[in-house]
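Coordinate analysis (summary)
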Amino acid sequence: MSTSKPPIRLGLFLLADGHHVAAWRRPGRRHNPATDLGHYLEIARQAEAGFLDFLFVADFLGVRTTDTAAISHSARTLGLEPLTLLSALASATKHIGLIATASTTYNEPFHVARKFASLDLISEGRAGWNLVTSQNDPEAWNFGHERHAAHDSRYDRASEFADVVLGLWNSWQPDAIVDDAENGVFLNPEGLSVLGHKGHHFSVRGPLDIAASPQGRPIVVQAGSSDTGVALAVRTADIVFTAQPSADSAKAFYAKVKSRAAEAGRDPGSLLIMPGVAPVIGQSRSHAQEIKDELDALVHPAVGHHLLYNATGGMDLSAYPPDSLLPDALPETNGSKSRQQVLLEVARRDKLTIRQLYLMLAGARGHRYVIGTAQDVADELEHMHQDQQADGFNIMPLTLPEGLGDFVGQVVPELQRRKLVRSAYEGRTLRENLGLRPAGS
Ligand SMILES: Cc1cc2nc3c(=O)[nH]c(=O)nc-3n(C[C@H](O)[C@H](O)[C@H](O)COP(=O)(O)O)c2cc1C
């Protein structure tokens, strides 16, 4: 690439039907794609044809609600276990990075280190781990806990967890394996490190029984935006995923993470900040808006109410008609009072109905929408990149595969013309393609 400024990094945030909650109801959609490998193969190939850096598969541990109405009217309850899926995609692709979530709350670090090290070898150096601490009680119930642990204690475990995983990935030096059959020497013991970790949460001897991949170790992604999440990212991550709804919030977050990285003695360029963006691409601006409006019109009220309930951590408005304004007296929430407050302030200021309020969450879920022609979307991404809001974007098409087809077919060529993204993969591994230095250097 001929630009002196680093290129825009692009990932695909892969959700089976796409990111709009009603995408599964659109005409002509593939039947129940969430557990259909053929669907994912098509998307992975499409993303690789657009030279995207990676695709990312999120993970939530089970059906995360007991609200039968919301479950009955949503296609989000089904999926495939991400590492199993990515192993299949690895053998059908050559270049694209493969990032999956694994929870530090409901796994052991040895398991996570081993599985991602395997994916990294299977894919010849294209794996990445999105470290999360998981979200709610229904996940906890699948692991013998009554409640999901508190934020601080989850992050306390996550921090030590990350140290153990990174330590285990360091088990084998590149020259450790001699494989000299003639002289009967398989390995050089000096190239093998025994971790011997004994901490507050974990006791792990090691070493791992899987050697290093061509990229040294998998890429680490951190998706928490709280101060504790950022502190962990600065210490351990290569990429930060984040939801930033506005230019101001994105800019402030970018500046904060980069300055914390510099304070910690890191090269700020070695930590890539990639907020989510939901592009809606039409032949004209009004056409793009129509695409979104048509999906919005398909949102079932039970699903809409559930979106509000989740976003506020427990505000239940299901007793009120969707097209009414918010009632003066509102049911209490035991969850996020500040998030409830923000949503209510917007609703009262803009005189939004309950439906309008939940439609704000139906597609991008608090990430940024960019709606317009391919030219408009390219302009906005270029601006956000120049304006130090992002090093790149986690692209969240509202529908899959169509929305990705529009992005790869129209926006990527425009960005290529401006020399802002690659026109061929330049590296062998995900780390090389992201322009990151070798692990441990
Ligand atoms: C792009 C993105 C992807 C995420 N993926 C997952 C996921 O797969 N599983 C999960 O439990 N949480 C996921 N999260 C949520 C985060 O892990 C985290 O819980 C949330 O951002 C709040 O973190 P905080 O408390 O540090 O602000 C994701 C967040 C973002 C921004």
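What counts, and at which threshold
- Residues numbered from 1 in each chain as written.
- Predicted model: local features only at pLDDT ≥ 70, side-chain atom pairs only at ≥ 80, totals over all residues.
- Heavy atoms only, no water.
- Helix = DSSP H or I, 4+ residues; strand = E, 2+ residues; numbered from the N terminus.
- Rg over C-alpha atoms; globule rule 2.2 N^0.38 Å.
- Buried < 20%, exposed > 50% of the residue type's maximum accessible area, 1.4 Å probe, protein only.
- Contact = heavy atoms within 4.5 Å.
- Areas by Shrake-Rupley, 256 points an atom, 1.4 Å probe, with all protein chains shown as cover.
- Domains from an automatic or database assignment.
- Buried area = accessible area lost by both parts, 1.4 Å probe.
- Salt bridge = Lys/Arg side-chain N within 4 Å of Asp/Glu carboxyl O.
- Polar contact = N/O pair within 3.5 Å; in protein donor to acceptor, adjacent residues only side chain to side chain.
- 1 Å grid on protein atoms, 1.4 Å probe; cavity = no way out; pocket = protein on both sides within 12 Å on 5 of 7 lines; lining within 4 Å.
- Points joined across faces, edges and corners; volume = space filled by probe spheres on them.
- Nonpolar A, V, L, I, M, F, W, Y, C, P; charged D, E, K, R; others polar.

Per an unreviewed UniProt entry, the protein is named FMN-dependent oxidoreductase (Nitrilotriacetate monooxygenase family), and its organism is Ottowia thiooxydans.

Our next topic: the overall build of the protein. The helix and strand inventory of the protein stands at 15 helices and 13 strands. Computed over the C-alpha atoms, the radius of gyration of the protein is 22 Å, within 12% of the 22 Å expected from 2.2 N^0.38 for a compact globule of 441 residues. Per-residue burial for the protein yields a buried fraction of 52% across its 441 residues. At a minimum sequence separation of 6, the contacts of the protein that also span at least 24 residues come to 75%. Accessible area for the protein stands at about 19700 Å²; split by element, carbon and sulfur atoms hold 52% of it.

Here we take up unusual backbone geometry. Backbone torsion omega between Gly206 and Pro207 reads -5 degrees, so that peptide bond is classified as cis. A cis amide bond links Leu400 to the next residue, Pro401, at an omega of 5 degrees. Along the chain, Pro401 turns up in the loop between strand E13 (392-395) and helix H14 (402-417). Unlike most non-glycine residues, Lys419 shows phi in positive territory, near 60 degrees. Within the fold, Lys419 resides in the loop between H14 and helix H15 (430-433). When its relative accessible area of 44% is taken as the criterion, Lys419 is described as partly exposed.

Its domain assignment divides the protein into domain 1 (9-281 + 366-433) and domain 2 (300-359). Each of domain 1 and domain 2 was reduced to a C-alpha centroid, and the two centroids are 31 Å apart. With eight residues of domain 1 at the interface, the matching set in domain 2 holds five residues. Where domain 1 abuts domain 2, roughly 630 Å² becomes buried across the two surfaces, and 69% of that area is made up of carbon and sulfur atoms. A per-residue breakdown of the area domain 1 buries against domain 2 is headed by Val21, Ala70 and His73, which together make up 55% of the total. On the surface where domain 1 and domain 2 come into contact, there are zero salt bridges. Scanning the region where domain 1 abuts domain 2 turns up two residue pairs in polar contact (both at pLDDT 80 or more).

Counted by the stated rule, this structure contains 25 salt bridges. Here Asp137 makes a salt bridge to Arg147, at a shortest N to O gap of 3.0 Å. Of this pair, Asp137 sits in helix H5 (residues 137-140) while Arg147 sits in the loop between H5 and helix H6 (151-169), and the two are ten residues apart along the sequence. Of the residues examined, Arg147 reaches a relative accessible area of 61% and is grouped as exposed. A salt bridge links Arg349 to Asp350, with the nearest nitrogen and oxygen atoms 2.9 Å apart. Residue class for Arg349 comes out exposed when judged on its relative accessible area of 59%.

All right, on to the layout of surface pockets then. Size it by volume and the second largest pocket reaches roughly 1100 Å³. The wall of the second largest pocket is formed by 47 residues, among which Arg431, Arg437, Pro438, Ala439 and Gly440 lie closest to the centre. Contributions of two or more residues to the lining of the second largest pocket are made by H6, helix H7 (227-236), helix H8 (247-263) and H15. The residue makeup of the lining of the second largest pocket, split by class, is 21 nonpolar, 14 polar and twelve charged.

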